[in-house]
Amino acid sequence: MDLFFSKDSKLVKGCKANKRQAQEVLYKLYYDDMLRLCFRYLRSDELAQEALNLGFLKVFQHIGTFDSKKGELGAWINTIMVRSCIDLGRKEARFDHFEIQENNEDVFMEPTVLDKLFAEDVLKLIRLLPVATQIVFNLSVIDGYSHKEIAEQLEISEGTSRWHLSEAKKQLRIMLTNSIIDNPLKNKRS
């Protein structure tokens, strides 16, 4: 038997029995990863923390529906957190409906720009995007959802989803280029 499966199944069993110790272990085990996920989706630290707390509340309330045969515990928790972020982000976001033509052009960026970037710098820039655009970008690029799936989750059209992704790429390209040009020494970390 897989060690991780055994550990997860004990945690799930303890949480189903409403044992505080099991809930605390599960919370601590997934806290860091889920908080990073919430920071990706929401622009304020307070909203990210709120989404994290709501997400874990939903996890504990619905742990009885978790089925290890359908997937891993971490993936199940991740899905709940993404949905909690979307719910909170939807209150803040304005999803106007846009239609764009399918554009298969990739965004070109000089390789030297990308060499100087760090993950935390990119995350900061993503958080500067308009909320609706940021959510679509995260769902598509980072979490790998299709435009159809994004449209269903956010209750928007696929065209609107495509527009937000295109807009995110355009704005990020401008921000990335400007941040490298404006601050070349800051980006040459040792």
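This text goes with the structure placed above it.
Let me begin by describing the structure that accompanies this report. (Residues numbered from 1 in each chain as written. Predicted model: local features only at pLDDT ≥ 70, side-chain atom pairs only at ≥ 80, totals over all residues. Heavy atoms only, no water.)

**Here's the deal with the overall build of the protein chain**
Across its full length, the protein chain carries nine helices and zero strands. When each of the 190 residues of the protein chain is scored for burial, the buried share is 39%. Residue pairs at least 24 apart in sequence account for 74% of intrachain contacts in the protein chain once pairs closer than 6 positions are excluded. Counting only carbon and sulfur atoms, one obtains 52% of the accessible surface of the protein chain, whose full area is about 11,700 Å². (Helix = DSSP H or I, 4+ residues; strand = E, 2+ residues; numbered from the N terminus. Buried < 20%, exposed > 50% of the residue type's maximum accessible area, 1.4 Å probe, protein only. Contact = heavy atoms within 4.5 Å. Areas by Shrake-Rupley, 256 points an atom, 1.4 Å probe, with all protein chains shown as cover.)

**Notes on the packing of helix α3 (residues 45–61) against helix α4 (residues 73–92)**
When two helices pack together, their arrangement is given by the angle between the helix axes and the distance between those axes. At their nearest, the axes of α3 and α4 sit 8 Å apart, and the two run at 135 degrees to each other. By the angle between their directions, the pair α3 and α4 is classed as oblique. Crossing hand, α3 versus α4: right-handed. Residues Leu 47, Glu 50, Ala 51, Leu 52, Leu 54, Gly 55, Phe 56, Lys 58 and Val 59 of α3 form the contact with α4, whose participating residues are Trp 76, Ile 77, Ile 80, Met 81, Ser 84, Cys 85, Asp 87, Leu 88 and Glu 92. Here the residues of the contact of α3 with α4 are counted per class, giving twelve nonpolar, two polar and four charged. (Axes fitted to C-alpha atoms, helices over the stretch in contact; angles between N-to-C directions. Parallel < 35°, antiparallel > 145°, perpendicular 65-115°, else oblique. Left-handed = near helix turned anticlockwise from the far one by under 90°. Nonpolar A, V, L, I, M, F, W, Y, C, P; charged D, E, K, R; others polar.)

**What to know about the side chain of Ser 140**
Here Ser 140 shows up in helix α7 (residues 131–142). Not counting residues within four places of it along the chain, the set of residues in contact with Ser 140 comprises Tyr 145, Ile 150 and Leu 165.

**Some points on helix α2 (residues 20–41)**
Where α2 bends most, the angle comes to about 55 degrees, and this point is Tyr 31. Among the residues of α2, those classed as buried are Ala 22, Gln 23, Leu 26, Tyr 30, Met 34, Leu 35, Leu 37, Cys 38, Arg 40 and Tyr 41. (Bend = angle between axes of the 7 residues up to and from the residue.)

**Quick look at the pattern of salt bridges**
This model, assessed by the stated rule, comprises seven salt bridges. Residues Glu 24 and Lys 28 are paired through a salt bridge, measuring 2.8 Å at the closest nitrogen-oxygen approach. Separated by four residues within a single helix, Glu 24 and Lys 28 lie in helix α2, roughly one turn from each other. Glu 158 is the partner of Arg 162 in a salt bridge, and the nearest nitrogen-oxygen pair spans 3.6 Å. (Salt bridge = Lys/Arg side-chain N within 4 Å of Asp/Glu carboxyl O.)

**Topic: the packing of α7 against helix α8 (residues 147–154)**
Closest axis-to-axis distance for the α7/α8 pair is 10 Å, and the angle between their directions is 135 degrees. Judged by the angle between their axes, α7 and α8 are oblique. The handedness of the crossing between α7 and α8 comes out as right-handed. Packed against α7, whose contacting residues are Ile 135, Val 136, Leu 139 and Ser 140, the element α8 presents Ile 150, Gln 153 and Leu 154 at the interface.

**A closer look at α4**
Structural remark: α-helix, 3.6 residues per turn; residues separated by three or four positions point the same way. Between the first and last C-alpha of α4 there are 29 Å, a value that for 20 residues agrees with the 28 Å anticipated at 1.5 Å per step. For α4, the full list of buried residues reads Leu 73, Trp 76, Ile 77, Ile 80, Met 81, Val 82, Ser 84, Cys 85, Ile 86, Leu 88 and Gly 89. (Expected span 1.5 Å × (residues − 1).)

**With respect to the nonpolar core**
With 47 residues, the main nonpolar core has Leu 26, Leu 73, Ile 77 and Leu 139 as its most contacted residues. Those elements giving two or more residues to this core turn out to be α1 (3–16), α2, α3, α4, α6 (119–126), α7, α8 and α9 (158–182). A total of nine residues in this core trace back to one element, the largest contributor, which is α4. When residues are assigned to domains, this core turns out to be shared by domain 1 (3–92) and domain 2 (95–189), each giving three or more. (Core = buried A, V, L, I, M, F, W, Y, C linked by side-chain atoms within 4.5 Å. Domains from an automatic or database assignment.)

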